[in-house]
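Below, each chain spelled out in residue letters.
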Amino acid sequence: MDHFDYRNGVLHAEDVSIADIARRVGTPFYCYSTATLVRHYTVFTEALRAAGLDATVCYALKANPNVAVVRTLAGLGAGADVVSEGELRQALAAGIPPARIVFSGVGKTRRELEFAVAKGIMQINVESEPELERLSEVASLRGVRMPIALRVNPDVDAGTHEKITTGKKENKFGIEWTRAHEVYRRARDLPGVEVVGVACHIGSQLTDIRPFRDAFLRVRDLVAILRADGFDIRRIDLGGGLGVPYEGETPPPPSDYARAIADTLGDLGCRIMLEPGRLLVGNAGILVSRVTYVKEGATRTFVILDGAMNDLMRPALYDAHHAIQPVVQPAAGTPLSPVDVVGPVCETGDTFARQRPLAPVRPGDLVVFRTAGAYGAAMASTYNSRPLVPEVLVNGDRFAVVRERPTYEDMLALESLPDWLS
Ligand code: LLP
């Protein structure tokens, strides 16, 4: 459920007209709904509570690290899952207490580990033996023992897009499930780390509960093995991954997910940590763009927008589907005809949709891409020297620009000529 609906024939985010925001901010821009963020967070945490779970929800900032979005979730009690020093800084800037932040990722640098240790975050999820050794060294130098979980790779097929599946043994992530015990033993001998848990994340946009269950059962077995060997395992971090509907998918509801966790791990007496990203923010955001031209090609009609693949990469990168809707509601019964919706970037990959049935649009019309709150702005680039698009947060009848569109001067200011050219 979300809060983007037509009112008097114009698409609104909560009580604010998208056309009004476009007039004030210009296009393209991302628009997020506070009410939708709150709703998703509440539904998710209530499902966990109803299943009797002692859970800490660490929002995965990678889905949408905008500080205002993170602050909104922080205000509801969310912690954070971060994967870089940049995200850690954004989480802190948004007011998430260090004691609710977990640091994941396959290639944390020494500098990033030092920063995380210095901030005293809750936990670092270690993904390899060399990282384990380095972290122990970094923490020892500061005279601390850093609480860690090892991220294990359970070799489970998440059944999702190959570019976002992470829990198969050929993926770069985590420590191979069968070697985990050995690496835990090594961790026990190191002075700068304290083993507190097991972590696992098998992929993103899962639409079936089965792979989750399979992975959770492997985690359960591992916890038993480790406890039998004297490890005090008290936290289990299950990552994120629960999917959202983009095109008629029916991902399991949070209640089923919570039940799967409770069934497989609920009796272990561990604190459960979860790292949802997409689920919390996906439906809470749209990308708004304006039609620049409508071009009749030899075999098809192209709707050319001012938004492009650099603003929303998911269709180009994963052939992802995003529903496209005009901001002005077409009259009932308006016939739809198939068009290719494209951006201005100079590659054929800059195509949002092929032969998508749409009501007729004209230059100047506004259209939106739905379910763009996750991995939309977060993955944007400046390809073709296009400024990053601004982000707007709506709350009831108010809205605010929560990330400015950089000016061309801002963009050029980062570049300089070497002395032999100036
Ligand atoms: N935890 C870890 C360790 C992760 O790697 C991820 C996502 C998450 C949590 C959050 O997963 P979520 O709940 O959002 O599925 N750019 C891709 C998605 C990449 C996901 C990467 N890892 C996309 O646009 O579909």
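Residues numbered from 1 in each chain as written. Predicted model: local features only at pLDDT ≥ 70, side-chain atom pairs only at ≥ 80, totals over all residues. Heavy atoms only, no water.

Trainee: How should the overall build of the chain be read in this particular structure?
Mentor: The helix and strand tally for the chain stands at twelve helices and 21 strands. Computed over C-alpha atoms, the radius of gyration of the chain comes to 23 Å, within 12% of the 22 Å expected from 2.2 N^0.38 for 422 residues, which places it in the range of a compact globule. The dimensions of the chain, computed from C-alpha atoms along their principal axes, are 70 × 60 × 40 Å. At a minimum sequence separation of 6, the contacts of the chain that also span at least 24 residues come to 70%. Summed over its atoms, the accessible surface of the chain is roughly 18300 Å², and 50% of this surface lies on carbon and sulfur atoms. (Helix = DSSP H or I, 4+ residues; strand = E, 2+ residues; numbered from the N terminus. Rg over C-alpha atoms; globule rule 2.2 N^0.38 Å. Contact = heavy atoms within 4.5 Å. Areas by Shrake-Rupley, 256 points an atom, 1.4 Å probe, with all protein chains shown as cover.)

Trainee: What is the right way to look at the domain arrangement of the chain in this model?
Mentor: Frequently, the measure chosen for interface size is the accessible area that the parts lose on association. Split by domain assignment, the chain resolves into domain 1 (4-32 + 282-413) and domain 2 (34-279). A C-alpha centroid distance of 32 Å is found between domain 1 and domain 2. With 22 residues of domain 1 at the contact, the number on the domain 2 side is 22 residues. The junction of domain 1 with domain 2 conceals about 1900 Å² of combined surface from both sides, 55% of it contributed by carbon and sulfur atoms. It is Tyr318, His321 and Tyr375 that lose the most area in domain 1 upon contact with domain 2, and together they represent 29% of the buried surface on that side. (Domains from an automatic or database assignment. Buried area = accessible area lost by both parts, 1.4 Å probe.)

Trainee: What am I meant to see in the packing of helix H7 (residues 180-189) against helix H8 (residues 210-228) here?
Mentor: Their axes nearest at 11 Å, the elements H7 and H8 cross at an angle of 40°. Judged by the inter-axis angle, H7 sits oblique to H8. Note on packing geometry: the crossing formed by H7 with H8 is right-handed. Taking contact as the criterion, the partners of Ala180, His181 and Tyr184 in H7 are, on H8, Leu222, Ile225 and Leu226. For the contact of H7 with H8, the residue count by class is five nonpolar, one polar and no charged. (Axes fitted to C-alpha atoms, helices over the stretch in contact; angles between N-to-C directions. Parallel < 35°, antiparallel > 145°, perpendicular 65-115°, else oblique. Left-handed = near helix turned anticlockwise from the far one by under 90°. Nonpolar A, V, L, I, M, F, W, Y, C, P; charged D, E, K, R; others polar.)

Trainee: What is the right way to look at the sheet that holds strand S3 (residues 16-17) in this model?
Mentor: Within a sheet, adjacent strands bond to each other through the backbone by hydrogen bonds, running parallel or antiparallel. On the basis of which strands lie adjacent, the open sheet formed by three strands has the order S1-S2-S3 and antiparallel pairing. Since the sheet does not close on itself, it has two edges, and those belong to strand S1 (4-7) and S3, each with one partner. (Pairing = 2+ DSSP bridges.)

Trainee: Would you mind showing me how to read the nonpolar core here?
Mentor: One broad rule of soluble globular proteins: the nonpolar side chains tend to lie buried together. By size, the foremost hydrophobic cluster in this structure holds 99 residues, and its most contacted members are Ile124, Ile148, Tyr184 and Val341. At seven residues, the largest contribution of residues to this core is made by H8. Three or more residues apiece are contributed to this core by two domains, here domain 1 (4-32 + 282-413) and domain 2 (34-279). Residue contacts for Val341: discarding those within four places in its chain leaves Val303, Leu305, Ile324, Thr351, Phe352, Ala353, Leu358 and Phe369. Within the second largest apolar cluster, 18 residues are counted, among which are Leu11, Ala13, Val16 and Val394. (Core = buried A, V, L, I, M, F, W, Y, C linked by side-chain atoms within 4.5 Å. Buried < 20%, exposed > 50% of the residue type's maximum accessible area, 1.4 Å probe, protein only.)

Trainee: Help me understand the environment of Gln123 in this model?
Mentor: In this structure, Gln123 sits in strand S8 (residues 123-126). Taking C-alpha positions, Gln123 is 39 Å from Leu412, a pair spaced 289 residues apart along the chain.

Trainee: Help me out: how do you make sense of the pattern of salt bridges in this one?
Mentor: Here the idea is simple: oppositely charged side chains can pair when their charged atoms come close. In total, this model carries 24 salt bridges according to the counting rule given. For the salt bridge of Arg179 with Glu129, the shortest nitrogen-to-oxygen distance reads 2.9 Å. Separated by 50 residues along the polypeptide, Arg179 in the loop between strand S10 (175-176) and H7 and Glu129 in helix H6 (residues 129-141) bring together distant segments of the chain. Residues joined in a network through salt bridges with shared partners are Glu85, Arg89 and Arg111. (Salt bridge = Lys/Arg side-chain N within 4 Å of Asp/Glu carboxyl O.)

Trainee: Quick question: what am I supposed to make of the side chain of Glu87 here?
Mentor: Checked against the element boundaries, Glu87 lands in helix H4 (residues 85-93). Here Glu87 is buried and forms no salt bridge, its nearest opposite-charge partner Lys62 lying at an N-O distance of 5.6 Å. (Lys, Arg positive; Asp, Glu negative; His and termini not counted.)

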